[in-house]
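Remarks on the overall topology
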2 protein chains.
Amino acid sequence: MDSFTRLSRRPSLADDVSQKLSRMILEGDLAAGEQLPTEQSLAESFGVARTVVREAISRLKHDGLVDSRQGVGAFVAEPSARSAFRISPACFEKRQKLLEILQLRTGITSEAAGLAALHRSDADLDFMEKSYRDLESSLFKGDEGTEKHLLAERAFYQRIAEASGNQYIIEFLSMLDTRIDMELRSVAIKNARVTEWNSEVLAEHMAVLEAIRRQDENAASQAVRYHYTLAAQRLADRADLADT
Amino acid sequence: MDSFTRLSRRPSLADDVSQKLSRMILEGDLAAGEQLPTEQSLAESFGVARTVVREAISRLKHDGLVDSRQGVGAFVAEPSARSAFRISPACFEKRQKLLEILQLRTGITSEAAGLAALHRSDADLDFMEKSYRDLESSLFKGDEGTEKHLLAERAFYQRIAEASGNQYIIEFLSMLDTRIDMELRSVAIKNARVTEWNSEVLAEHMAVLEAIRRQDENAASQAVRYHYTLAAQRLADRADLADT
DNA sequence: TGTCTCCATGTTGTCTGACAACCTGTTTTT
DNA sequence: AAAAACAGGTTGTCAGACAACATGGAGACA
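Residues numbered from 1 in each chain as written. Chains lettered and ligands numbered in written order. Predicted model: local features only at pLDDT ≥ 70, side-chain atom pairs only at ≥ 80, totals over all residues. Heavy atoms only, no water.

1. Points about the interface of chain A and chain B
- With 46 residues of chain A at the interface, the matching set in chain B holds 46 residues.
- Approximately 4,700 Å² of surface area, both sides summed, lies buried where chain A meets chain B, with 48% of it carried by carbon and sulfur atoms.
- Counting the contacts that link chain A with chain B gives six salt bridges.
- Linking chain A to chain B there are 21 residue pairs in polar contact (both at pLDDT 80 or more).
- Partitioned by chemical class, the residues of the side of chain A that touches chain B number twelve nonpolar, 17 polar and 17 charged. (Contact = heavy atoms within 4.5 Å. Buried area = accessible area lost by both parts, 1.4 Å probe. Salt bridge = Lys/Arg side-chain N within 4 Å of Asp/Glu carboxyl O. Polar contact = N/O pair within 3.5 Å; in protein donor to acceptor, adjacent residues only side chain to side chain. Nonpolar A, V, L, I, M, F, W, Y, C, P; charged D, E, K, R; others polar.)

So this is what it looks like as structure tokens:
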């Protein structure tokens, strides 16, 4: 319900301006090194106060999209100066973009599994086995399984990320998975009875678990890659995603 | 020289405030859901004007660290609401953190190589072969090789990322590699004559190139993982990184 | 008593104007 | 010709005001 209020809240003027400006830079309307219009003229052309423009540009500076010098002006920064990585929420809803995001996740999770195989504790393994059993039971329960399934799978792979011991991997996967799950959930709701691959999927997860159990780094990372690649193909085969 | 001017330029007040606030949130001094002090009181306690505080909070909102509601207040957002991934520049200089960043890169580049093997064009392959030859010659030229070596290696792997056809992978690796290279360069300058592994390193690159040439997805991704894992070990073995 | 309306209060969102700090090119002075 | 002072423009910071909005409480009413 909180997400509802957030979605329905109208964006601030600074949101609008920063989005428009960053779009201009990302799409190349403003070339690297080029000088931005002055804050005053931006304020006039957008029809807002200078404080709003400043908040927007402040965000761009923080992302390394813009570099400003007092007394001179603000300039589009070199692409190599980018200091933040973000994915527009809209991209998670676009079929093609989502598949690319899944590929990115595959690489990182695969690495996480390899590291987890090396560094896992017994408690990590216990937790993963428990999550696996949840996964198993959720898969044999027909329709309502999908929601539970997503939860169990998330718990399983999140623990793998944590067992990797790599703080950046944990954070980044958490950010990606949260929004991927959100999107997958809305897809899953539309057609809930996709249970034809159950035993295959389960075997793929099991392969991951087994590799981590016996601390086989390469096998673990390959098992994750194998599962996620197939999962992406299964998703791509379904026709209920927007084609945009 | 531009980087010099940037580094020496004194940070704005908004930079300071946003850094302090985000630190407080990331380190857990402010729990999720907790209400931030009012802009007025923050302005007083930091000794700045309210506009400065607003610019800082505007950044935090953009990163999904804070969520504000007009008429009510600003609140620390749930970790699951994070919408941007950033790595503090200081972390690239810390031995342990840098190694974790390298692991993250390994996973993504490995995935990129697999995709590149599938989707590469002939032009991609030509470019990679040329970069490989540059790599080869730079490795057999003694001291000054390190700088050229870094450049050639960067070109090689950057082209792999581009050949993957995945925009997110391209952008993210570009961001990571730019800053990793910057750090590696400063290390390489300090002791330039590390040439003992030359033939091994070259063989590792060659394995990547060959796998992509014959479009062997798994071999390509494993070859990258193999090289980068060893590269990280070689770096870790060197004692000239700060231990912090 | 219980409920509903209205309002006072506090907070964020936006606007305006002003001045400081700084850079650049021009003019003036030496 | 070189150096110094000046003028104009831009970003950085400050202060104050009002609008938009949410909340809780006082009071009216059933």
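2. Comments concerning the protein's contact with DNA strand C
- Near DNA strand C lie 23 residues; those nearest to it are Leu13(A), Ala49(A), Arg50(B), Arg54(B) and Gly71(B).
- For DNA strand C, the backbone makes up 66% of the atoms found within 4 Å of the protein, where backbone means sugar plus phosphate.
- In the model, a phosphate oxygen of DNA strand C is placed 3.2 Å from a nitrogen or oxygen of the Glu39(B) main chain.
- Contact distances for DNA strand C include 2.8 Å between a base nitrogen and a side-chain N or O atom of Arg50(B). (Near = heavy atom within 4 Å.)

3. What about the protein's contact with DNA strand D?
- Around DNA strand D, 24 residues are found, and the nearest of them are Arg50(A), Arg54(A), Gly71(A), Leu13(B) and Ala49(B).
- Taken together, the sugar and phosphate atoms account for 67% of what DNA strand D places within 4 Å of the protein.
- In the environment of DNA strand D, a base nitrogen lies 2.8 Å from a nitrogen or oxygen atom belonging to the side chain of Arg50(A).
- Arg54(A) is positioned such that a nitrogen or oxygen atom in its side chain is 3.0 Å from a phosphate oxygen of DNA strand D.
- Looking at the surface near DNA strand D, the elements that each hand over two or more residues are helix H4 (50-62), strand E1 (66-69) and strand E2 (73-76) of chain A together with helix H4 (50-62) of chain B.
- Partitioned by chemical class, the residues of the surface near DNA strand D number seven nonpolar, ten polar and seven charged. (Helix = DSSP H or I, 4+ residues; strand = E, 2+ residues; numbered from the N terminus.)

4. What about the nonpolar core?
- Residues Ile160(A) and Ile160(B) are the most contacted members of the largest nonpolar core, which totals 90 residues.
- Those residues within four positions of Ile160(B) in sequence are excluded, and the remaining contacts are Ala112(B), Ala113(B), Ala116(B), Met128(B), Val208(B) and Ile212(B). (Core = buried A, V, L, I, M, F, W, Y, C linked by side-chain atoms within 4.5 Å. Buried < 20%, exposed > 50% of the residue type's maximum accessible area, 1.4 Å probe, protein only.)

5. Some points on unusual backbone geometry
All names here are of chain A.
- One non-glycine residue with positive phi stands out, namely Gln215, at about 55°.
- Relative to the helices and strands, Gln215 resides in the loop between helix H9 (198-213) and helix H10 (217-237).
- Residue class for Gln215 comes out partly exposed when judged on its relative accessible area of 40%.

6. Here's the deal with the packing of aromatic side chains
- Following the criterion strictly, the structure yields nine aromatic pairs over all chains and no others.
- Note on Phe172(A) and Phe172(B): the rings are 4.8 Å apart at their centroids and 15° apart in plane angle, and the pair reads as stacked. Of the two residues, Phe172(A) is situated in helix H8 (residues 167-190) and Phe172(B) in helix H8 (residues 167-190); the pairing between them involves two chains. The burial state of Phe172(A) is the same as that of Phe172(B); both residues are buried.
- Judged by centre distance (5.0 Å) and plane angle (85°), the ring pair of Phe156(B) and Tyr157(B) falls under edge-to-face. Accessibility classification places Phe156(B) together with Tyr157(B) in one group, the buried group.
- Above the ring of Tyr228(B), the side-chain terminus of Arg105(B) is found at 4.3 Å from the ring centroid. (Phe/Tyr/Trp six-rings, centres within 6.5 Å; stacked < 30°, edge-to-face > 60°. Lys NZ or Arg CZ within 6 Å of the ring centre and 35° of its normal.)

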